[in-house]
Amino acid sequence: MLFNALALIVFVCSVFPVYWMVNLSFTPGNQIISRTPSLVPTEPTLLNYVTAWTRPAAPGQTDFPNALRTSLLIVVIVVACALLFAFLASIALARFQFRGRHTFIVIILVIQMMPGEGMMFTVYNLIDDMRLMNTLLGLSLVHIAAVIPFTVWTLRGFVAGVPAELEEAAQIDGCSKQGAFWRVTFPLLAPGLVATGIFAFMQSWNEFTMALLLMKDQNLTLPTWLNSFQSATEATNYGAVMAGSTLICIPVVIFFLIVQGRMTGGLVSGAVKG
């Protein structure tokens, strides 16, 4: 009972900030600054959402729809490339023995522990030398490099957790080596691919520092758009800011709802007869 109560307290503390964000997004501005806030909007309005959707972040900068398109394009590139590279690397690390294998694994761990902010100026100079400043490709490359170490390490654990004997049994039953992998092993790796895809999606979607450093004007991503939107005027429109924050969260929720079923289904889709 005690642990259930503690879990409930943790859950409420985690969910309440999200609820308060959504609550304020429907609250008129004059009620947001009231000394007696309400847990439920007494006069709900959609004006905050209209303002967040239509108003540019600042003069000469992008609006929400364009920032949304930019973020979605970058996320698609990052997730696709990160999963492809990480999948091939994890197969090599888990299934093959080669010289330098353990050193490569240690390097992945060391890179993962390095803070991205510590490489800001190096990354900036590198992207500038490649003439990729303020481009989708430039920021996508930075995000891919940031998420690959973790995705490789995570997928390696999933691949290593699938017994190689399953493939051998399939080959005995007549499958080729490639057929055994795709028909038996790959379905069992679906939860790992989904889990690492979610991480890559979240990491790229929420990344702020490098996007702020490399992107500007009409190529702002959603986090940098929200930053400019909040600081564009002296009197911050908190209702519109909360509406913009809620809109940013919606694609993440939709993405998770789509893939969670596939994650669960992948747990049993590769089962074999006993």
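Computed from a predicted model, the values in this text were never measured in an experiment.

### Considerations on the overall build of the protein chain
- Helix and strand counts for the protein chain stand at 12 helices and 0 strands.
- In sequence order, the secondary structure elements of the protein chain are arranged as α-α-α-α-α-α-α-α-α-α-α-α.
- Counting only C-alpha atoms, the protein chain reaches 70 × 60 × 30 Å along its principal axes.
- Burial status across the protein chain gives 36% buried among its 274 residues.
- Counted over contacts in the protein chain with a minimum sequence separation of 6, partners at least 24 positions apart contribute 72%.
- Within the protein chain, one finds 13 positive and 12 negative side-chain charges whose respective centroids are separated by 8 Å.

### Some points on the packing of aromatic side chains
- In total, this model carries 9 aromatic pairs according to the counting rule given.
- Consider the rings of Phe16 and Trp20, whose centres lie 5.8 Å apart with planes at 20°: the pair is stacked. Linking Phe16 with Trp20, this pair stays in helix α1 (residues 2-25), spanning 4 residues, or about one helical turn.
- For Trp20, a relative accessible area of 24% gives the class partly exposed.

### Focus: the nonpolar core
- Counting 37 residues, the largest nonpolar core has Phe64, Leu139, Trp205, Leu222 and Trp225 as the members making the most contacts within it.
- Only α3 (47-54), α4 (64-95), α6 (120-129), α7 (136-160), α9 (177-206), α10 (209-214), α11 (222-231) and α12 (238-266) provide two or more residues apiece to this core.
- No other element matches α4, which puts 8 residues into this core.
- The residues touching Phe64, leaving out its near neighbours within four places in the chain, are Ala52, Trp53, Leu222, Trp225, Gly244, Leu247 and Ile248.
- Phe87, Ile91, Ile105 and Leu155 belong to the second largest nonpolar core, which has 14 residues in total.

### Remarks on the side chain of Ser25
- For Ser25, the location among the structural elements is in helix α1.
- Separated by 2.5 Å, the side chain of Ser25 and the backbone oxygen of Val22 make a polar contact.

### Details of unusual backbone geometry
- In this structure, Asn134 takes a positive phi of about 60° despite not being glycine.
- The phi dihedral of Asp217 is positive, around 55°, even though this residue is not glycine.
- Structurally, the position occupied by Asp217 is in the loop between α10 and α11.

### Quick notes on the packing of α4 against α7
- Contact geometry for α4 and α7: axes closest at 6 Å, N-to-C directions at 35°. In this structure, α4 crosses over α7, and the sense of that crossing is right-handed.
- Its residues placed into classes, the contact of α4 with α7 shows 22 nonpolar, 5 polar and 2 charged.

### Brief notes about the packing of α7 against α9
- Between α7 and α9, the shortest axis-to-axis distance is 10 Å and the interhelical angle comes to 160°. In terms of orientation, α7 and α9 fall into the roughly antiparallel class. Of the two elements, α7 crosses α9, and the hand of that crossing is right-handed. For the pair α7 and α9, the contacting residues are His143, Val147, Phe150, Thr151, Thr154, Leu155, Phe158 and Val159 in the first and Leu189, Pro191, Gly192, Leu193, Thr196, Phe199, Ala200, Gln203 and Ser204 in the second.
- Of the residues contributing to the contact of α7 with α9, the split by class is 10 nonpolar, 7 polar and no charged.

### What to know about the side chain of Thr70
- Structurally, Thr70 can be placed in helix α4.
- Residue Thr70 is classed as buried on the basis of its relative accessible area of 6%.

### Some thoughts on the confidence of the model for the protein chain
- Looking at the protein chain as a whole, the pLDDT averages 82, with 93% of positions reaching at least 70.
- Long-range and interchain partners of residues 265-274, a stretch whose pLDDT sits below 50, account for 13 contacts in this model, where long-range means more than four residues apart.

### Section: a nonpolar patch on the surface
- A contiguous nonpolar patch, built from Val106, Ile107, Leu109, Val110, Ile111, Met113, Met114, Met119 and Trp153 and spanning about 800 Å² of accessible area, is present on the exposed surface.
- Looking at the nonpolar patch element by element, the count peaks at 6 residues for helix α5 (residues 101-113).
- Assignment of secondary structure puts Val110 in helix α5.

Calculation rules
- Residues numbered from 1 in each chain as written.
- Predicted model: local features only at pLDDT ≥ 70, side-chain atom pairs only at ≥ 80, totals over all residues.
- Heavy atoms only, no water.
- Helix = DSSP H or I, 4+ residues; strand = E, 2+ residues; numbered from the N terminus.
- Buried < 20%, exposed > 50% of the residue type's maximum accessible area, 1.4 Å probe, protein only.
- Contact = heavy atoms within 4.5 Å.
- Lys, Arg positive; Asp, Glu negative; His and termini not counted.
- Charge placed at Lys NZ, Arg CZ, Asp CG, Glu CD.
- Phe/Tyr/Trp six-rings, centres within 6.5 Å; stacked < 30°, edge-to-face > 60°.
- Core = buried A, V, L, I, M, F, W, Y, C linked by side-chain atoms within 4.5 Å.
- Polar contact = N/O pair within 3.5 Å; in protein donor to acceptor, adjacent residues only side chain to side chain.
- Axes fitted to C-alpha atoms, helices over the stretch in contact; angles between N-to-C directions.
- Left-handed = near helix turned anticlockwise from the far one by under 90°.
- Nonpolar A, V, L, I, M, F, W, Y, C, P; charged D, E, K, R; others polar.
- Parallel < 35°, antiparallel > 145°, perpendicular 65-115°, else oblique.
- pLDDT = per-residue confidence, 0-100.
- Patch = residues over 30% accessible without salt bridge, like charges linked within 9 Å, V, L, I, M, F, W, Y side chains within 5 Å.
- Areas by Shrake-Rupley, 256 points an atom, 1.4 Å probe, with all protein chains shown as cover.
- Salt bridge = Lys/Arg side-chain N within 4 Å of Asp/Glu carboxyl O.

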